[in-house]
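Listed below, chain by chain, are the residues.
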Amino acid sequence: MEKRLGIIAIVITGKNHIAEINDLISTFSDAIIARQGIPMPQRNISFISLIIEAPMNMINTLTGKLGRIDGVAVKTIVTQKESKDNEK
């Protein structure tokens, strides 16, 4: 299955589900190239960015599970599928 590179941006309001989010991200750790977390406790918000390389179904599974957690907003940007003309 073809892997894609992408970035997943996660915005978390509150602290109620931090452990659940971290556990879920750990489950997909083999596909994660880099992770950056920025807590802003004075505003009760946190940001996590993930650089990921995985098949689209895995990326969609991770973002879908994250998006179903209360207080979490997720956006994903992935590279386009390689065309036959670009492969050499």
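Structure: see above.
Given the structure is predicted, the values throughout are model-derived calculations rather than measurements.

A. Looking closely at the nonpolar core. Membership of the largest hydrophobic core comes to 19 residues, with the highest contact counts inside it found for Ile8, Ile10, Ile21, Leu50, Leu62 and Leu66. Those elements giving two or more residues to this core turn out to be β1 (3-13), α1 (18-27), β3 (45-55), α2 (56-67) and β4 (72-78). The greatest single-element share of this core, amounting to four residues, is contributed by β3.

B. Focus on the pairing of β3. Note that β1 and β3 share 11 bridges and pair antiparallel. Along β3, the bridge assignment pairs glycine 6 with isoleucine 52. Note that strand β2 (residues 32-40) and β3 share eight bridges and pair antiparallel. Bridge pairing links isoleucine 32 to isoleucine 52 in β3.

C. A look at the environment of leucine 5. If you trace the backbone, leucine 5 turns up in strand β1. Leucine 5 gets classed as partly exposed once you look at its relative accessible area, which sits at 39%. Put simply, leucine 5 and glutamate 53 are 48 residues apart on the chain and 4.5 Å apart in space, counted from C-alpha to C-alpha. Not counting residues up to four positions away in its chain, the partners in contact with leucine 5 are Ile33, Ile52, Glu53, Ile77, Val78 and Thr79.

D. Representation of α1. Residues Ile21, Leu24 and Ile25 constitute the buried set of α1. Projected down its long axis, α1 shows its buried positions confined to an angular sector of 100°, all on one face. Away from its buried face by more than 90 degrees, α1 exposes Ala19, Asp23 and Thr27. Packed against the buried residues of α1 are β1, β2, β3, α2 and β4.

E. Structural context of a nonpolar patch on the surface. Together, Leu5, Ile7, Ile33, Ile51 and Ile77 line one region of the surface with nonpolar side chains, adding up to about 430 Å² of accessible area. With respect to the helices and strands, isoleucine 7 occurs in strand β1. The class of isoleucine 7 is partly exposed, set by a relative accessible area of 34%.

Conventions adopted
For every chain, the first residue of its written sequence is number 1, and the numbers climb from 1 along that sequence. For a predicted model such as this one, the threshold for reporting local features is a pLDDT of at least 70, and the threshold for listing and counting side-chain atom pairs is 80 or more; totals across whole chains, interfaces and linings nevertheless cover every residue. The basis for the side-chain values is all heavy atoms of the structure; hydrogens and waters are excluded. Among buried residues, the Ala, Val, Leu, Ile, Met, Phe, Trp, Tyr and Cys ones that are joined through side-chain atoms within 4.5 Å form a nonpolar core. Residue burial is assigned from relative accessible area. The probe radius is 1.4 Å, only protein chains are included, and a residue is buried under 20% of its type maximum, exposed over 50%, and partly exposed in between. Strands here are runs of E lasting at least two residues and helices are runs of H or I lasting at least four, both read from the DSSP assignment and numbered beginning at the N terminus. Only strands joined by at least two bridges in the DSSP assignment are considered to pair. When checking whether two residues touch, look at their non-hydrogen atoms; a contact exists if any pair is within 4.5 Å. When we speak of the arc, we mean the arc of directions from the helix axis to the C-beta atoms. Exposure above 30% relative accessible area and the absence of a salt bridge qualify a residue for a patch, where like charges join within 9 Å and nonpolar side chains (Val, Leu, Ile, Met, Phe, Trp, Tyr) within 5 Å. Residue exposure ignores everything except the shown protein chains as possible cover, and the areas themselves are Shrake-Rupley values with a 1.4 Å probe. By salt bridge we mean one thing: a side-chain nitrogen of Lys or Arg within 4 Å of a carboxyl oxygen of Asp or Glu.

All quantities given are derived from atomic positions and should not be read as evidence of function.
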